[in-house]
Amino acid sequence: MYNAREFNFDGLVGPSHNYAGLSFGNVASFNNVKSASNPRQAALQGLAKMRALAARGFAQAVLPPQVRPNFRLLRQLGFSGTDADVLAHAWREAPVILACAYSASPMWTANAATVSPSADSADGRVHFTAANLNNKLHRAEEHIQSTRTLRALFADPERFVVHDPLPSTPAFGDEGAANHTRFASAHGAAGVEFFVYGRVEFDPSAPSPKKYPARQTLEASQAIARLHGLDPARTVFAAQNPDVVDQGVFHNDVIAVGNGNVLFYHEQAFADEAATLDALRRALANVDSDLHAVRVDSGAVPLADAVASYLFNSQLLSKPDGRMALVVPHECRENASVARYLDGLVGGGATSGQGPIDELIEFDLRQSMRNGGGPACLRLRVSLTDAEAAAMHQGVIMTEDLYARLVPWVERHYRDRLEPKDLADPQLALECAQALEALEGILGLPGLYDLA
Ligand code: SUG
């Protein structure tokens, strides 16, 4: 076993953060369609979270935003002329497509990729596969920049491999780490990788949701496990409960989170709860570990409250003393059943703090939450040994110095209000390009973007 740490790569919110209602099946995105957003506040909220966790000693890094608007998409769809013509034409004829080209969604980096640490892969390298996100037009091209970014950050071929995304066809719908969890006794120890899927392409008799789309297929998860060279004895695939997808649980990380040997989950999360826990226990036995299941039942927290508060879209972080902190959004305090549950978990009562989780860390992430993205959506987990951490690009590691450079950058380049009609403003496109050009310099990543 190597000494390893889990880096959380949080998405830096881009300058076009907006609410376009593009994610059918994601209740918050739908409910806030066309309301005004505040990109500056969104970026500062995300940075405050990164800074606070870094200050606590958690390994924290930043994943840069993506180029917006996506002129390549707009031109591919037949909008032509100068950039200003393209924007005017798209706004007139297809404002939804313009919104897709301006989408804020790369900020939710849990969907950027699936990551397997070197302790799990057959060749001893860290494996990444950018998610094709092919269920939604506004996310379907993110993999191009995600792959480019990951290759820039993890460039050493001896230690890292960044695979091409899976084929962009419904059979291989892949949403990245939002449906993937890893269990291990320590970050550097061999672990169990757990993939949760919503649909099986080649078995039409397998249950699937009826109202909302299941974005992740079993076939995609299996392909990732093959690509990453995972040991079948330490890999578990489980079906998500299709009924909860239909109630707004569009990714498994809206209803479950794991860390160490702990699975914190809602009783309705899986199609077959007992079989899922059993499979995890058997796989964990292969690494001499056992599962610690923290089950939340519907009597304590009804599913609707879990979705509204994003209780399970929390981060479970290991502290040096072996206990864990749960990183939750403020919304958890505003929901009566969830607040009561959390008080019981860590609130100082007779039975609280006795399980593996003994601390809550709360953040105001309202700008992100209004698009259906909580603390866990905002970060991509990458477990790295000390040697791997030293081999990755250092300019993205969150430090006080980087924070002190990013805050004025946001204040200089980001607007504090965006409405749907602003997406037609050619000046916004220029502002976005200028911001990213400056960011390449701050992060020490020249050529990160194709800004030509
Ligand atoms: O894919 N929202 C994202 C939220 C992703 C949350 N990620 C995780 N659960 N890991 C999505 O639904 C909304 C964009 C808009 O409507 O403008 C959006 O894409």
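The residue count restarts for each chain, going from 1 along the sequence in the order it is written. Local features in this predicted model are restricted to residues whose pLDDT is 70 or higher, and side-chain atom pairs enter the listing and the counts only when it is 80 or higher, whereas totals over whole chains, interfaces and linings include all residues. Based on all heavy atoms of the structure, the side-chain values leave hydrogens and waters out of the count.

1. Quick word on the site of the ligand
Then step 1. If even one non-hydrogen atom of a residue comes within 4 Å of a molecule or strand, that residue is called near it. Close to the ligand lie 22 residues, the nearest being Leu22, Ser23, His138, Arg139 and Asp253.
Then step 2. Here the Shrake-Rupley method, with its probe set to 1.4 Å, supplies the accessible areas, and only the displayed protein chains count as covering residues. Coverage of the ligand by the protein amounts to 100% of the 490 Å² it exposes when considered alone.
Then step 3. Grid points spaced at 1 Å over the protein atoms alone were grouped into cavities, where a 1.4 Å probe fits but cannot get out, and pockets, open sets with protein on both sides within 12 Å along at least five of seven lines, with lining residues defined by an atom within 4 Å of a point. A molecule is counted as occupying a cavity or pocket when more than half of its atoms fall within 2 Å of that pocket's grid points. At a threshold of 2 Å from the grid points, most atoms of the ligand map onto the largest cavity.
Then step 4. For this scheme, ten residues count as nonpolar: Ala, Val, Leu, Ile, Met, Phe, Trp, Tyr, Cys and Pro. Four count as charged, namely Asp, Glu, Lys and Arg, and the remainder, Gly too, count as polar. Looking at the shell around the ligand, its residues break down into eight nonpolar, 11 polar and three charged.

2. Some remarks on empty space enclosed by the protein
Then step 1. Grid points are joined across faces, edges and corners, and a volume is the space filled by probe spheres set on the points. Tallying each qualifying case throughout the model produces six cavities of 30 Å³ or more.
Then step 2. Taken as a whole, the largest cavity spans an internal volume of roughly 180 Å³.
Then step 3. As for the largest cavity, its lining consists of 20 residues, and the residues nearest its centre are Ser23, Ser105, Trp108, His138 and Asn371.
Then step 4. Its residues placed into classes, the lining of the largest cavity shows six nonpolar, 12 polar and two charged.

3. Details of the sheet that holds strand β15 (residues 379-385)
Then step 1. Strand pairing is defined by DSSP finding a minimum of two bridges between the two strands. Think of it this way: any DSSP run of H or I at least four residues long counts as a helix, any run of E at least two long counts as a strand, and we number them from the N terminus. Taken in spatial order, the three strands line up as β2-β1-β15 in an open sheet, and their pairing is mixed. Bordering the open sheet on either side are β2 (60-63) and β15, each of which pairs with just one other strand. Strand-to-strand, the axes of this sheet are offset by a mean angle of 30°, without reference to chain direction.
Then step 2. Pairing of strand β1 (residues 4-11) with β15 involves seven bridges; the strand directions are antiparallel. Bridge pairing in β15 places Phe7 opposite Val382. Between N-to-C directions, angles span 0 to 180 degrees; the directions come from axes that are lines fitted to C-alpha atoms, helices contributing only their stretch in contact.

4. Side note on unusual backbone geometry
For residues other than glycine, phi is negative in most cases, and the peptide bonds are mostly trans.
Then step 1. Following Arg68, the chain continues into Pro69 via a peptide bond in cis, with omega recorded as -5°.
Then step 2. Positionally, Pro69 belongs in the loop between β2 and α3 (71-76).
Then step 3. Despite not being glycine, Lys34 has its phi angle at roughly 70°, a positive value.
Then step 4. Note on placement: Lys34 falls in the loop between α1 (27-31) and α2 (39-55).
Then step 5. Each residue gets one of three labels from its accessible area relative to the maximum for its type: buried under 20%, exposed over 50%, partly exposed in between, using a 1.4 Å probe on protein chains only. Relative accessible area serves as the criterion here: at 61%, Lys34 is assigned to the exposed category.
Then step 6. Despite not being glycine, Leu133 shows a phi value in the positive range, around 45°.
Then step 7. With respect to the helices and strands, the residue Leu133 is situated in the loop between β4 (126-130) and α6 (142-153).

5. Here's the deal with the sheet that holds strand β9 (residues 256-259)
Then step 1. The strand order across the open sheet formed by three strands is β9-β10-β11, and the pairing between neighbours is mixed. Edge strands, defined here as strands with exactly one partner in the open sheet, are β9 and β11 (292-296). In this sheet, neighbouring strand axes are inclined to one another by 10° on average, regardless of whether the strands run parallel or antiparallel.
Then step 2. Sheet analysis places β9 next to strand β10 (residues 262-266), joined by four bridges and oriented antiparallel. Directly across from Ala256, in β10, lies its bridge partner Tyr265.
Then step 3. The strands that helix α9 (residues 273-285) touches are β10 and β11; relative to β10, the one it contacts most, it runs at about 170°. In this analysis, two residues are considered to be in contact whenever any of their non-hydrogen atoms come within 4.5 Å of each other.

6. Side note on the side chain of Glu141
Then step 1. Positionally, Glu141 belongs in the loop between β4 and α6.
Then step 2. A polar contact is formed between the side chain of Glu141 and the side chain of Asn70, at a distance of 3.0 Å.
Then step 3. Beyond its immediate stretch of four places on either side in the chain, Glu141 contacts Asn70, Arg72, Leu73 and Gln76. Here a polar contact is recorded for every N or O atom pair within 3.5 Å, except that within protein the pair must consist of a potential hydrogen donor and a potential acceptor, and residues adjacent in sequence are included only if both atoms are side-chain atoms.

7. Some remarks on the packing of aromatic side chains
Then step 1. Here a Phe, Tyr or Trp ring, Trp counted by its six-membered ring, pairs with any other such ring whose centre lies within 6.5 Å, and the pair is stacked when the planes are under 30 degrees apart, edge-to-face when over 60, and tilted otherwise. On inspection of all chains with the given rule, the structure shows 13 aromatic pairs.
Then step 2. Pairing Phe195 with Phe237 gives two aromatic rings, centres 5.4 Å apart and planes at 25°, and the pair type is stacked. Of the two residues, Phe195 is situated in strand β7 (residues 192-197) and Phe237 in strand β8 (residues 235-239); the sequence distance between them amounts to 42 residues.
Then step 3. Just above the ring of Tyr19 sits the side chain of Arg370; from NZ or CZ to the centre is 5.1 Å. A ring has a charge above it when a Lys NZ or an Arg CZ is no more than 6 Å from the ring centre and no more than 35 degrees off the ring normal.

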